[in-house]
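# Structure assessment
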Number of protein chains: 2
Amino acid sequence: MLGGIEAGGTKFICAVADRTDGPLEKCVIPTTSPDETLKAVREFFRGHGVLDALGIASFGPVDIDPSSPQFGEMLKTPKPGWTGVSYLDAFEGLDCPIDLDTDVNGAGLAEWRHGAGQGCRTLAYVTVGTGIGTGVLRDGQSLNGAGHYEMGHIRPVRDGERDPFEGACPFHGDCLEGLASGPAIKARWGMGLNEMADPGPAIELIGGYLAQLALTLTLTHRPDRILFGGGVMKTPGLIDVIREQMESLLAGYVSIPSVRDYIAAPSLGDDAGITGALCLAASVLPGAEAGPRHAGK
Amino acid sequence: MLGGIEAGGTKFICAVADRTDGPLEKCVIPTTSPDETLKAVREFFRGHGVLDALGIASFGPVDIDPSSPQFGEMLKTPKPGWTGVSYLDAFEGLDCPIDLDTDVNGAGLAEWRHGAGQGCRTLAYVTVGTGIGTGVLRDGQSLNGAGHYEMGHIRPVRDGERDPFEGACPFHGDCLEGLASGPAIKARWGMGLNEMADPGPAIELIGGYLAQLALTLTLTHRPDRILFGGGVMKTPGLIDVIREQMESLLAGYVSIPSVRDYIAAPSLGDDAGITGALCLAASVLPGAEAGPRHAGK
């Protein structure tokens, strides 16, 4: 039996399943204090018998380097009480191998294994919602350096005459997250893209920033495909603007597949996160092939 | 005996050595037609006995994916006659294992093994000269996606009032290479930074663009260190401007080591390229530990 946790800032989704793509049984636990939340999670799993492995796809920042002494710990987070919390300690009593990655890397892994990222050696996954998160997988292993990637804070070109909004990021002002995340859109226009009577110009603007992210991703990681998911991406037409503007910015410099294949929507919908957590569990099942990310373990 | 080739657009440096950090015997061959150049290279190696392995650090674009059917081929290049040339075919007669990577990845590997990148799990290497090239190594293996990285073509923020120069890149105009490479500097001011009577303002401007590259590298790859080499970086004071402005742009968002350690100069000087080629040779010696890059071989 595989256990999975999609750990978010507002809720924890827990599931058990026999296979990563099989039917799953799940429950949703609100994120309150670590003690209360993690106790409820443990009780859910204990009620479902013995786990063979547990996978966690967590909100960040979190230490996801298996060779680090802090592997599995929440890093400095504004979420009260969560800084320093260790998932490995919390679930030690379940007595099974545990793997952990960021929520966005987890969702990317799920899409790579079962969804719109199948067949890609290098897959990039972008989520545009409360924040802008990005993960890159190589052969199904998330890539990371001294920590997980933080591409939402890249600084795009902003034309101050066209977009005088100076950005909502408390650190950087007009970084991508400060200009194109859900909260940035609300701060600029007082409403979401889906609530506008004539959203066309706003979609062009936001799509242009996200196209710059797609360009930077292309030049820095050379993915085979970039998936754009998250709440903001539910806006009809937005992905087409990203495709058009990205192609125009790239100007043919490196060869990419057809832009409709290259920039695509995820296919697993709201289940990507929890499916990713189950895929992480499967990766540490006894006998699973260890990938490069675990080489140092 | 290890053989190494640093293959450039104007010259090929060839060397033989017993060790990657040992004394080497080398020769320089001008880059003319592929037939003529590669014949001279073969003759150099044949004059030095039997090679155990050959490493090539080449100018690009070149296919460096060992699992690709085109591994070792020059891709579409403006260099007359070189498109489609296969290094593997050219050196088949030397009858030894061959590894190949880009010149910048090769130089990064040399710095990782013997120079200023020692001890870094994730090392970024930037060269600022005729172009702007960037490589990233993880545990001494170069990272690549569908091709090698092309970070010189990232689009930085440019203040048109401060810098009305619209850029020299034939593809993108004001991408990093179009604004901050050696030819871009010459095109803007008619001279190099070292030739100016009062280079201060120019160094501030160019350093600001390179600081944006350092920021983007930090957010997209989370390296432990970024080395800045190449002809333009010989300008006194330039690296300090990059350090200052990068730290200011990052605004404490992710933790990095002290900026003097984080953004540093390479230490192998002009030997980095050929040393990298020898390191590539050592990586395919019979019995060498195969890294992730060669997993598909």
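Position numbers for residues count from 1 along each chain, tracking the sequence in the order it is written. Throughout, the order in which chains and ligands are written sets their labels, letters from A for the former and numbers from 1 for the latter. Predicted model: local features are reported for residues with pLDDT of at least 70 only, side-chain atom pairs are reported and counted for 80 or more only, and whole-chain, interface and lining totals are derived from all residues. As a convention, hydrogens and water are excluded, and side-chain values are obtained from all of the structure's heavy atoms.

In the nomenclature of an unreviewed UniProt entry, chain A corresponds to fructokinase from the organism Parvularcula marina. UniProt positions are given in the numbering used here, feature names are shortened, and annotations may be inferred rather than shown by experiment. You can read under Catalytic activity (unreviewed entry) in the UniProt record for chain A the words "D-fructose + ATP = D-fructose 6-phosphate + ADP + H(+)".

### Observations regarding the environment of Ala282 of chain A
Residue and element names in this part refer to chain A. Position of Ala282 among the secondary structure elements: in helix 9 (residues 272–283). Once the C-alpha coordinates of Ala282 and Asp52 are considered, the two residues, 230 residues apart in sequence, prove to be 8.8 Å apart. Contacts are residue-level and defined by heavy atoms, with any inter-residue pair within 4.5 Å sufficient. Not counting chain neighbours up to four residues away, the residues in contact with Ala282 comprise Leu2, Thr20 and Ala288. Helix and strand definitions follow DSSP, with helices as H or I runs of at least four residues and strands as E runs of at least two, each counted in order from the N terminus.

### Here's the deal with the pairing of strand 6 (residues 122–128) of chain B
Residue and element names in this part refer to chain B. Most of strand 6 sits out of view: six of its seven residues are buried. Direction of pairing for strand 6 relative to strand 7 (residues 132–138): antiparallel, over a ladder of seven bridges. Looking at strand 7, one finds that Thr122 is bridged to Arg138. For two strands to pair, DSSP has to find at least two bridges joining them. The pairing of strand 6 with strand 9 (residues 225–229) spans five bridges and is classified as parallel. Bridging across to strand 9, Leu123 finds its partner in Arg225. Partly exposed describes any residue whose relative accessible area lies between the buried limit of under 20% and the exposed limit of over 50%, with all areas from a 1.4 Å probe on protein chains only and scaled to the type maximum.

### Here's the deal with the sheet that holds strand 4 (residues 53–58) of chain A
Residue and element names in this part refer to chain A. The strand order across the open sheet formed by five strands is 3-2-1-4-5, and the pairing between neighbours is mixed. Single-partner strands in this sheet number two, and they are strand 3 (24–30) and strand 5 (98–102). Strand-to-strand twist of the sheet, defined as the mean angle between neighbouring strand axes without regard to direction, takes the value 15 degrees. Lines fitted to C-alpha atoms define the axes here, with helix axes fitted over just the stretch in contact, and angles between the N-to-C directions of these axes take values from 0 to 180 degrees. Strands in contact with helix 1 (residues 34–46) are strand 1 (2–7), strand 2 (11–17), strand 3 and strand 4; relative to strand 2, the strand with the most contacts, it is inclined by about 15 degrees.

### Comments concerning the interface of chain A and chain B
Counting from both sides, the interface comprises 35 residues of chain A and, opposite them, 35 residues of chain B. Once two parts are joined, some of their accessible surface, as seen by a 1.4 Å probe, is lost; buried area is that loss totalled over both. Across the chain A to chain B interface the summed buried area is about 3,100 Å²; carbon plus sulfur atoms make up 58%. Three residues, Arg155, Arg222 and Tyr253 of chain A, lead the burial of chain A against chain B; their summed loss comes to 21% of the area buried on that side. Each salt bridge in this description consists of a side-chain nitrogen of Lys or Arg and a carboxyl oxygen of Asp or Glu lying within 4 Å of one another. Inspection of the region where chain A meets chain B yields two salt bridges. Notably, a salt bridge pairs Arg121 of chain B with Asp65 of chain A, separated by 3.4 Å at the nearest N-O pair. A 3.5 Å cut-off defines polar contacts: any pair of N or O atoms within that distance qualifies, except that in protein one atom must be a possible hydrogen donor and the other a possible acceptor, and neighbouring residues in sequence count only when both atoms are side-chain atoms. The interface formed by chain A and chain B includes 23 residue pairs in polar contact (both at pLDDT 80 or more). Elements with a contribution of two residues or more to the side of chain A that touches chain B: helix 6 (200–221) and helix 7 (238–250) of chain A. If one sorts the elements of the side of chain A that touches chain B by residue count, helix 6 of chain A sits on top with five residues. When residue character is reported, Ala, Val, Leu, Ile, Met, Phe, Trp, Tyr, Cys and Pro are called nonpolar, Asp, Glu, Lys and Arg charged, and the others, Gly included, polar. For the side of chain A that touches chain B, the class distribution of residues is 16 nonpolar, 12 polar and seven charged.

### Things to note about the confidence of the model for chain A
Interpretation of the predicted coordinates at a detailed level should be avoided for regions scoring low in pLDDT. The share of residues in chain A with pLDDT of 70 or more is 97%, and the mean pLDDT across the chain is 94. Taken together, the chains of this predicted complex give a pTM of 0.94 and an interface ipTM of 0.94. What pLDDT expresses is the predictor's confidence in each residue, scored from 0 to 100.

### Observations regarding empty space enclosed by the protein
With a 1 Å grid laid over protein atoms only, a set of points is called a cavity when a 1.4 Å probe fits there but cannot get out and a pocket when it is open yet has protein on both sides within 12 Å along at least five of seven lines; lining residues have an atom within 4 Å of a point. Grid points are joined across faces, edges and corners, and a volume is the space filled by probe spheres set on the points. Scanning the model with the defined rule gives one cavity of 30 Å³ or more in all. Here the largest cavity is characterised by a volume of approximately 160 Å³. Lining the largest cavity we find 17 residues, and of these Ile154, Arg155 and Thr216 of chain A together with Ile154 and Arg155 of chain B sit closest to its centre. Counting only elements with at least two residues in the lining of the largest cavity, the list comes to helix 6 of chain A together with helix 6 (200–221) of chain B. For the lining of the largest cavity, the element with the most residues is helix 6 of chain A, which contributes five residues. Looking at the lining of the largest cavity residue by residue, the classes come out as 11 nonpolar, four polar and two charged.

### Here we look at the relation of the copies chain A and chain B
Expressed as a screw operation, the relation of chain A to chain B combines 0.0 Å of axial shift with a rotation of 180 degrees, fitting to an RMSD of 0.0 Å. The two molecules are tied by a two-fold rotation axis, judged by turn and shift. Closest approach to the rotation axis among the C-alpha atoms of chain A is made by Val157 of chain A, whose C-alpha sits 2.5 Å away. Mapped onto chain B, 100% of the interface residues of chain A again fall at the interface, so both copies present the same surface. Alignment of copies: least-squares fit on C-alpha atoms of residues with pLDDT of at least 70 in both copies.

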